[in-house]
Every structure is written in C-alpha cells, then in structure tokens.
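Listed below are the residues making up each chain.
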Amino acid sequence: MNAASAAGSRSVSGPSSPARPGWLEWFADPPGSDFAASLRAFRLLLLVHASVRLWDRYLVEGGHPLHLAMAAVLTLASIAVTRPQLARAAVFAALWTVGMEVIITHGLANHVYAELMLLGLYALLDPDREDEALLLVCALRWMVALLLLWAGLQKLLYGTYFHAEFLCWMIARRPAFAAALAWVVPSDELARLVAAGGTQLGSGPYRTDSLLLILGSNAVWIAELVLPVMLLVRRSRVVGAVLAALFVLSIQLVAREVMFGLLYSQLVLLALPGRGFRRVAPLYALAYAYLAASLLGLVPADWLMKRGGL
Amino acid sequence: MKRRLVVAFLVAFAIWPAVHRALVAVYDVNPWKLAGWAMYARPHFPSRLALYLVEDGAERPVSGLDDWDRVMAAEYLERRYSAGRLASPRALADRLLARNARADGVVVEVRTRFFDLPSATIRLRVERESFRRQGPR
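Residues numbered from 1 in each chain as written. Chains lettered and ligands numbered in written order. Predicted model: local features only at pLDDT ≥ 70, side-chain atom pairs only at ≥ 80, totals over all residues.

> Sorry if this is basic, but what is going on with the domain arrangement of chain A here?
Residues and elements named next belong to chain A. When cut into domains, chain A gives domain 1 (34–163 + 211–295) and domain 2 (165–196). Using C-alpha coordinates to define each centre, domain 1 is positioned 29 Å away from domain 2. Each side of the interface is counted separately: domain 1 has nine residues, and domain 2 has nine residues. Top contributing element to the side of domain 1 that touches domain 2 by residue count: helix α10 (residues 211–232), with four residues. (Domains from an automatic or database assignment. Contact = placed C-beta atoms within 7 Å. Helix = DSSP H or I, 4+ residues; strand = E, 2+ residues; numbered from the N terminus.)

> Sorry if this is basic, but what is going on with the pairing of strand β1 (residues 47–55) of chain B here?
Moving residue by residue along a regular strand, the side chains alternate between the two faces of the sheet. All names here are of chain B. The pairing of β1 with strand β3 (residues 105–116) spans eight bridges and is antiparallel. For Arg48, the partnering residue across the bridge sits in β3 and is Arg111. Bridging between β1 and strand β2 (residues 58–61) involves four bridges; their strand directions are antiparallel. Residue Val54 lies in a different strand from β2, and its bridge partner there is Glu59. Taking the residues that link successive antiparallel strands as the turn, the β1-β2 hairpin has two residues, and the phi of Asp56 there is positive, at about 55°. (Pairing = 2+ DSSP bridges.)

> What's the story with the nonpolar core in this structure? I'm lost.
Generally speaking, a soluble globular protein has its nonpolar side chains buried in company with each other. Of all hydrophobic cores here, the largest spans 111 residues; its most connected members are A:Ala94, A:Val144, A:Ile171 and A:Val268. The biggest single contributor to this core is helix α6 (residues 130–158) of chain A, with 19 residues. Contacts of A:Val144, omitting those with residues within four sequence positions, involve A:Leu267, A:Val268, A:Leu270 and A:Ala271. B:Tyr76, B:Leu96, B:Leu97 and B:Ala103 belong to the second-largest nonpolar core, a separate cluster that totals 13 residues. (Core = buried A, V, L, I, M, F, W, Y, C linked by C-beta atoms within 7 Å. Buried ≥ 20, exposed ≤ 12 C-beta atoms within 10 Å, placed from the backbone.)

> Explain the environment of A:Leu212 to me, please; I cannot follow it from the model alone.
Residues and elements named next belong to chain A. Relative to the elements of secondary structure, Leu212 occurs in helix α10. Taking the C-beta count within 10 Å as the criterion, Leu212 has 13 such neighbours and is therefore assigned partly exposed. Remark: the alpha-carbon pair of Leu212 and Val185, spanning 27 residues in sequence, is separated by 7.8 Å.

> Please clarify how the interface of chain A and chain B should be interpreted in this entry.
Each partner contributes residues to the interface: chain A has 36 residues there, and chain B has 33 residues. Broken down by secondary-structure element, the contributors of at least two residues to the side of chain A that touches chain B are α5 (110–124), α6 and α7 (165–173) of chain A. In terms of residues, the side of chain A that touches chain B owes the most to one element, α6(A), which gives 13 residues.

> Any chance you could explain the sheet that holds β1(B) here in plain terms?
The pairing of strands in a sheet comes from backbone hydrogen bonds and takes either a parallel or an antiparallel form. Residues and elements named next belong to chain B. Read from one edge to the other, the open sheet built from four strands follows the order β2-β1-β3-β4, with strand pairing classed as antiparallel. Two strands bound the open sheet, and with one partner strand each, they are β2 and β4 (121–132). On average, each strand axis in the sheet is tilted by 30° relative to the strand beside it, whichever way the strands run. The pairing of β3 with β4 spans 12 bridges and is antiparallel. Bridged to Phe115 within β4 is Ile122. In this fold helix α2 (residues 67–83) packs onto β1 and β3, with an angle of close to 130° to the strand it touches most, β1. Sheet strands in contact with helix α3 (residues 90–99) are β1, β3 and β4, and its direction is about 145° off that of β3. (Axes fitted to C-alpha atoms, helices over the stretch in contact; angles between N-to-C directions.)

Following this line, the structure appears as structure tokens:
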C-alpha cells in the first residue's frame, strides 16, 4: 500500500484521533463507511425517546408540574436537534433535564441511566465531526456490548436461570409472562405457579419440570454472553445485531418494558455498519408516534407497557 | 482528551456492574436499580417497618405516629428499596427520640421478603438496628 492510498483509507483524522487505532476501534466500520447519518438519526430518536418517556411520566404517573416542564424542554430539544446549528444545544438541554431527573428521583429505571449516559456521550462527541463521530460510534457499540454481556453475567452470577426459577417467579408475578410462556409449561404446573402469586411468604417452590422452559431460561443468559462477541467480530456483526435486536424486543415485549426495549434495541442496531441504523430509524419513529398517540388516548398501549412496580 | 474521557467512561461502565453485584451481596442493594444491568436476574421486594421505643430496658411498639413520622418512614422505605442497607433510618430514629422524651433508644426493625434460591421460595428476613439517645433529652 503506498502512502497516498494509506492516507485515503484512514477512517479517522483530526487532533483527537489516535496515531494507531486501539481497542476502542475494534468496533469501527470499514474505512469510508457513512455512519454519521446513523448517529444523527439515533440522536434524534434518543431525544424523542426521552420526551415521550417524560410525557408518559407526567400524564400517567401523577401530573407533577416538574415533569411537565421536563417533558416540554425535551420536546423542544427533539425539534431543535433536527436543525444542525441547534443540535448541540438541544443535546445539552436534554442532558441537563434528564440529569436533573436522575438527581431528584429515587429508584429510577435503568434505562433512564442509560439515556443519561448516551446523552453524555453525545454532549462530549459531535457526530458531525468526522474524528469524533468515529469515537462516538465505537463508544456506543462498546456500551451496548458491555450492557448485553453484563446482563448475561448477572443472570449467571445470581443463578436464578439454571432451573428457570426466575421465569417461574415471573409467571407467578405477571400475567403477561404466564400468557407468553403457557405453551411451554404443563397446564397444572402453570396453574400452580400462577396461584403461588410470587409475593406471599413461604410460597413456591418457583421451579418447573418443563424441559423446554429450563432450556429457554438457560438460552437467555447464554445468548446475552454470545451476542456481544458476535457484535464485536466484524464478520458476524450484522447477524449479531439483528439477532440481538429481535432477542431484546421479544423479551421486552413479553415483559411489557417497551421503553427499555426500544432504547436497547436501537443501541444494538447501531452496530449495523454505515447507514444501517439510519435505514431502520423510521420504524422507531413510527413506534414513538404510536406511543405518543397512546398518551393522547388515541390508541391502546396496555399491551406494550406495564404500569406500576413489581 | 476526549478519547481519554471516552475510555474512562467505558472502563467505569465495564467495572460498575461488578461493584453493583458486591453492593447487592453486602448491602442488599436492589439488583434492578442503579445501572447494574441485573434487571430480571433476581426478585427484589419492598420492606416493611416495625418501630420500637426502648424505655427502662424494655421495648414497646411505637404508637401515635404523626404525619411527618409517616412521611419520613415512607421516604426511608423508598430509599431502602433501591439502596438497601446503604439507606439509614437514623433521621427517623432521631425524630422519634426527640418526640418521646422518656425513651432511651429506638429499635428499627426492617422486614424484607427475599427469594431463597435453594428452596426457590419466598422467605422473610428480619433486621434490627438500635439507636441510643446521644444528646440530652
């Protein structure tokens, strides 16, 4: 390779670029890949996500004026981020708003922390600058790989998936899980688990003889350990991203954790090379439009979101 | 500089769940909360409180909680649900001591259901924390 072609194949440039790509760039696309469009699409959807979540909090969870103010700021930020000259200010406004929410609220869901971290990365790195865009896309891909990996490791460490104990407890605790898993659990055992309720002292045992449920339970944590590796290896990245997105969405739909599911699956799909995420972004825009319509009472959302804690 | 910040963030992001796992084991922090990515890994239940005043060496249940006592108790339980034993009931105990001049101390009993993995059943853990009067009555 001569000097000119070597220079032409470099995918990074500028003062913050490393002289030689390090481990951070293991997640980089092939040189010449146009991933900036994907990063901009995700930036918009991230702000829309935060906005819809805060409107949901305001309208469904009590109508606190502070949530109204936060939802309004995030909605304005979602509009402003579409204008290149206002995009950075919009990200900072969203970061400040979600940051305030995290500071003043006890026990927020993990996806709110994920939102905050993602906004922090977007505040630090500008997807419109070539060198920073590369850092940003690599950071986001590392983040989702680590998230998947730890989700699997935690299940392994807590040991509640080897004999499907956790899924049995979820069948007892949430009708949606009982309905979704009814086809793999014998009916008498399903009835026993549902009757156990999941909260009464001495209730249980939350175990099953269903080989299918035990296999499925173990497949969950194994998938969460394997998928990040598939994302990391460039040759298996596209298949890994699609499988991971389907895996995340199907689990979160059963759990009715649609907000986490939407954010998590978008992060996973950011591993698609080049404009891959940009191509699927309209589907997510439709999903958020549906959620916004559900907040106005125009369409049902009970099948997507659980209300109340466990 | 920005690259270093990103690397620092990712290293922290990679290490934090291990710290979180230790906090769950030692302090009963909620595995579902605080970005440890252990949602759907273990059931976690809210706690309930029983409060006792210690007078002349004997314990008697606290009666006549006022609205502010109840607010403080609810806030403590909310923090306890997320942060486990990292949340302290000290402020609640101090308030009960301030309102009960004859008491020498307060015992805060926290009753928490937990998922017992060996038996795969829901069981109860009872923890008691004693607070002695520190200043003058």
